[in-house]
Amino acid sequence: MARGPSSPVFLERRSYRRRRMQDAQRLLPVLGLMLWMVPTLWPSGDEAGHVAMSGVIYYIFGVWCVLIGLSAWLWRGLRRSAEDAASDPKHDP
Amino acid sequence: MTASLNLLIGVSLIYVAFLFAVAFAAERAAVRGRSGWLRTPLVYTLSLSIYCTAWTFYGAVGYAARSGMEYVTIYLGPSLVMIGWWWVLRKLVRIGRSQRVTSVADLISARYGKSNTLAIVVTVMAVVGVTPYIALQLQSVTLALSAFAGPPAADGSAGLNMLSSGFWVAAGLAVFTVLFGTRNLNANERHDGVVIAIAVEAVVKLVALIAVGIFVVWGIAGGVRPMMEQIDASALGTWQVDRSRWAALTVLSAAAFLCLPRMFQVLVVENDDERHVQIASWAFPVYLMLMSLFVVPIAVVGLNLLPPGSNPDLFVVSVPLAEGRTGLAVLSFLGGFSSATSMVIVATLALSTMVSNHVVMPIYLSLKPGGASMSGDVRSVILRARRLSILLIIALGYLYYVLSGGSGALAAIGLISFAGVAQFLPAMLGGIFWRGATRVGALSGLCLGFAIWVYASLLPSFGQGAVLPASFFEVGPWGIGWLRPYAFFGIEGIDPTVHAVLWSLLLNTCVFVVGSLLSFPKPLERLQGAQFVNVFDHSGQARGWHASVAASEDLMIMAQRILGAAEAQALFRAAAREQGMIGHLPEPNPAFLERLERELSASVGTATAHAMVSQMVGAASVSVEDLLAVADESAQMLEYSSQLETKSAELSRTAGQLREANDKLTQLSVQKDAFLGQISHELRTPMTSIRAFSEIMRDAEGLSAAEKTKYASIIHVEAIRLTRLLDDLLDLSVLENGQVSLNPATGRLDAVLDHAVITAGASGDGRLRIVRHKTTADTMLTTDMDRLGQVFINLITNAQKYCRAEAPQLEISVRATPDMLRVEFRDNGTPIPDAARALIFEKFARVAEGDGSGAGLGLAICREIMARLGGDISHVPQASGNLFVVQMPRAAALAAQ
Amino acid sequence: MDKHVLLVEDEVNIIEAMSFLLKREGWKVDTHSDGATAVSAIRDARPDLVVLDYMLPGKSGIAILTELRALPDFAALPVLMLTARGQLRDREEAERAGVNRFMTKPFSNTEVLNAVRDLVRV
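Thresholds, definitions, all that
- Residues numbered from 1 in each chain as written.
- Chains lettered and ligands numbered in written order.
- Predicted model: local features only at pLDDT ≥ 70, side-chain atom pairs only at ≥ 80, totals over all residues.
- Helix = DSSP H or I, 4+ residues; strand = E, 2+ residues; numbered from the N terminus.
- Buried ≥ 20, exposed ≤ 12 C-beta atoms within 10 Å, placed from the backbone.
- Contact = placed C-beta atoms within 7 Å.
- Expected span 1.5 Å × (residues − 1).
- Nonpolar A, V, L, I, M, F, W, Y, C, P; charged D, E, K, R; others polar.
- pLDDT = per-residue confidence, 0-100.
- Pairing = 2+ DSSP bridges.
- Axes fitted to C-alpha atoms, helices over the stretch in contact; angles between N-to-C directions.

Draft legend 1. Main features of the overall build of chain B. Tallying secondary structure elements over chain B gives 33 helices and nine strands in all. When the 897 residues of chain B are sorted by exposure, 48% land in the buried category. Taking the intrachain contacts of chain B between residues at least 6 apart in sequence as the baseline, contacts between residues at least 24 apart amount to 79%.

If you want it as structure tokens, here you go:
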């Protein structure tokens with residue numbers, strides 16, 4: 001994100017945290033893509049050491065749940081920090 | 001079976017009536033302004049579920065039964081897009097809101113300079129791309145109906161007539177969509193009723209699928225563990241995947257999620273609050289996960305339970321039916337029906353908006369030579385265009401259904417559609433993230449990608465030899481081997497879907513980028529590009545119009561026809577009020593025209609609105625280049641005139657300075673004259689007396705001794721007065737010129753005061769009583785003691801001369817701070833009048849009548865001395881008497897000498 | 001009957017000298033030293049000659065002269081103006097105001113007595 005020339009160089013602790021949470025939110029789909037592409041590395045079909053379908057189901061839906069959980073957690077955190085910032089902009093922890 | 005089929009049709013009709021009632025109630029509530037509950041994050045999230053169509057409802061199970069886990073990629077892509085909303089969605093939604101974008105075609109056309117050519121191309125591509133998808137819905141619903149009707153007999157007599165039932169389904173959907181979507185022309189292209197209806201349908205389909213899933217897992221298989229064992233033991237028991245398809249389909253579904261016209265409609269156009277996107281970022285993946293959770297179990301149970309050869313696309317309905325659960329089967333059918341109807345409604349609504357805004361309206365406008373103002377009610381034209389477009393699109397879907405024979409697997413058709421609309425992706429993403437993207441690049445990329453898709457994906461879907469001759473697939477068109485539809489550039493062995501997606505998107509992107517790099521955008525394109533890419537920096541509109549030509553009345557007439565009379569009048573009145581004008585018609589200034597164009601674009605699309613306003617404003621002849629040229633010219637003139645202004649400002653500044661200097665000189669001259677006059681007067685007056693009396697004493701005879709003494713003493717006094725005057729003048733001159741030499745010394749302040757009192761007392765008449773407050777007896781200071789004493793003497797002498805009180809008295813007190821000393825001389829005489837106070841420190845200012853012995857230079861000299869000593873002297877107005885205050889630093893930093 | 005002169009002057013010593021000189025010539029001498037009330041003093045005294053100082057406290061000699069000339073009875077009254085400022089402009093100003101004789105201080109006693117004799121032919 002390009003910041004305007006007037007943006008401060010250092011942010012207060014909480015805005016810093018918020019920025020990092022936004023970064024995490026941006027990286028989440030990358031993580032998801034990587035995790036969901038892992039099955040393409042597994043031996044498939046008749047290849048030796050094949051993986052049982054139930055394991056695949058557990059893995060894919062497990063990743064899904066983790067991503068949803070992380071996304072919801074980040075959303076809550078961001079919402080709360082946004083509300084805090086809105087209600088008390090001067091407070092410095 | 002016929003009974004249950006009739007029941008099914010009855011239930012469907014009741015369900016549709018229920019949906020209609022919900023939508024109607026929602027629109028009523030919205031009209032009455034109570035739409036808060038209509039626009040919640042939950043409703044937004046549920047409305048996104050139109051992604052899950054009948055294809056996903058029925059087809060996913062069939063897909064799983066055929067290809068195992070691969071079906072899940074269709075859900076993984078959108079999940080990733082939603083979780084990564086921060087990347088693209090946020091920006092799309094913001095642009096959509098700030099630019100009042102009505103469709104994906106509108107977005108792309110607006111981005112690339114409000115180009116209608118581009119809008120038409122995108123519209124055509126969208127219609128062609130989505131048609132298979134609509135056919136898919138028809139196919140799924142008729143298939144599901146056929147499941148209730150029983151398997152078609154070998155002679156085809158007992159089964160359901162697939163074509164006619166497909167037709168009735170299509171007709172029903174068309175009527176439903178027309179009734180829902182085009183009841184009125186919404187100001188911002190939002191459909192509260194439709195959104196609520198599809199939210200309800202989202203719940204119905206989720207509940208239906210989960211109900212079937214629960215029935216399958218716990219009712220048939222007997223729990224999660226036995227289910228998993230059954231899955232592992234089945235034909236789908238091992239992980240089998242085409243790795244390229246897995247990756248390609250994930251990417252494709254993500255792209256399609258953004259590009260599908262119906263998804264764009266609910267994601268961007270119907271979005272009411274950007275924060276809803278944030279909530280949907282995790283809530284919608286939950287929905288998708290739940291929708292896909294029971295797909296494999298249903299597929300496995302269906303494979304085990306039903307006779308071989310059963311259509312796996314129908315397992316969702318046929319498994320409950322086989323188990324005798326008709327109620328569950330009906331619910332399941334309703335779920336599929338819901339999926340189909342909601343998809344068709346939103347998709348055709350989105351497409352019809354595009355068709356009417358970008359195809360019908362421009363043609364209509366160009367056919368009417370007078371422009372929009374001359375024609376009839378444009379509003380009804382637009383509505384009619386929308387309705388016709390809806391019928392046309394559904395008819396096309398039915399045609400595809402008939403042509404493709406309703407034979408292909410649902411999943412394959414869906415993927416073709418996905419690949420078609422995914423062609424928008426480079427132009428769309430490039431448009432919102434890259435300012436260098438141009439119309440030429442977008443147009444060529446889109447056309448090439450679309451052509452490849454048609455050639456390598458759409459046409460082959462009708463079957464080899466159906467549209468494309470079979471020879472094409474074997475040796476290539478006209479024997480050109482590297483153009484074989486499934487093996488571009490001779491690279492064989494790629495899965496046909498992956499092949500089409502890969503090549504179309506790759507070449508699309510390449511041509512888009514290269515075209516953009518090589519071409520030069522028009523000014524409006526560059527403006528729009530900046531607006532789109534930097535949408536978070538400024539959410540304003542591109543500047544375009546300058547119009548004094550456009551009559552507000554014409555604009556009003558046009559706006560009334562498009563927005564409706566009441567809304568148009570309200571808009572114009574509000575604008576007039578904002579401009580501070582009385583009446584209903586605002587000045588057609590650029591701001592207003594932009595706003596009007598934006599409002600119009602919400603109804604007829606960006607390009608059309610632009611064209612209409614430009615017809616009004618400049619008789620359709622004012623191009624943006626012209627406008628920019630005018631702007632350049634006026635900028636130059638502005639610069640020139642500002643230069644002139646600068647120059648004239650400089651001149652007047654110089655003149656002002658000269659005038660000031662002149663005033664100062666005049667003033668100086670007046671002061672000099674006054675000063676010379678004063679000096680002359682002060683010198684000549686004593687001289688007159690001296691001369692007169694000396695002549696008298698010389699010439700007159702018979703003067704008495706007393707007279708002689710008297711006249712001699714007058715001469716003497718006047719001579720002294722003259723001398724003192726000359727002394728003072730010299731003193732003042734030296735002080736004023738800064739040539740005075742000061743002799744700093746350290747001593748007691750009291751000693752200086754004592755000396756002054758004694759010296760002054762010697763010359764006075766002794767009437768003045770001097771009161772000393774010796775509170776700070778030993779205050780020390782460093783300064784020129786003689787000069788300071790001179791100031792004190794002067795003040796005491798003045799009091800002696802001018803204090804006219806009965807018992808004249810002078811109080812002298814000292815206040816000391818660590819740095820400063822303050823000596824106060826307070827007399828009880830008549831206060832100096834306010835008007836004179838300003839003058840007393842000036843030369844020759846004698847306020848009170850005195851004995852004439854002073855030249856009026858005393859206080860002027862005092863002021864000069866105090867300035868040299870780093871302090872000051874001031875007169876403080878008192879109720880009675882006068883107070884002179886002398887202030888100085890304890891250690892004088894003596895002023896430059 | 002003695003001729004009557006009014007000295008309008010604020011400098012004590014000059015009054016002293018002028019009174020001495022004019023009395024010795026046989027003039028009846030009255031003095032007035034405040035500019036502000038000078039006009040009414042002249043009207044009351046109805047002198048044959050006014051010796052007027054240019055700079056007076058309260059009102060300038062020019063102003064007094066201008067006022068005096070505006071009164072019909074005093075339009076032709078001989079006025080000798082004395083000034084210590086000695087500037088050419090003052091003389092022009094005084095002549096415009098209708099002065100009969102303008103002299104710059106210091107002057108010789110003979111000079112001033114000749115001027116008085118010119119103005120009022122005894």
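From this point, the discussion proceeds with the structure in view.
Draft legend 2. Quick look at helix α11 (residues 243-259) of chain B. The terminal C-alpha atoms of α11 of chain B, which comprises 17 residues, lie 24 Å apart, in line with the 24 Å expected from a rise of 1.5 Å per residue. Burial runs high along α11 of chain B: 13 of the 17 residues are buried.

Draft legend 3. The arrangement of the interface of chain B and chain A in detail. Counting residues at the interface gives 31 residues for chain B, matched by 29 residues for chain A. Contributions of two or more residues to the side of chain B that touches chain A are made by α4 (73-83), α10 (224-233), α11 and α13 (274-293) of chain B. Broken down by element, the side of chain B that touches chain A gets its largest block of residues, eight residues, from α13 of chain B. By residue class, the composition of the side of chain B that touches chain A is 21 nonpolar, eight polar and two charged.

Draft legend 4. Quick peek at the confidence of the model for chain B. Residue and element names in this part refer to chain B. Here chain B averages 79 in pLDDT, and 84% of its residues register 70 or above. Contacts for the low-pLDDT stretch residues 371-375, under 50 throughout, to residues beyond four places or in other chains number 15 contacts. Confidence over residues 539-550 falls short of pLDDT 50; this stretch has 28 contacts with residues more than four positions distant or in other chains.

Draft legend 5. Seen up close, the sheet that holds strand β4 (residues 79-83) of chain C. All names here are of chain C. An order of β2-β1-β3-β4-β5 is seen for the five strands of this open sheet, with the pairing classed as parallel. Edge positions in the sheet fall to β2 (28-32) and β5 (101-104), since each has one partner strand and no second. Adjacent strand axes in the sheet meet at a mean angle of 20°, parallel and antiparallel pairs treated alike. Sheet topology places strand β3 (residues 49-53) next to β4; four bridges connect them, and they run parallel. For L52, the partnering residue across the bridge sits in β4 and is M81. Contacts from helix α1 (residues 12-24) reach β1 (4-8), β2 and β3 within the one sheet, and its direction differs from that of β2 by about 165°.

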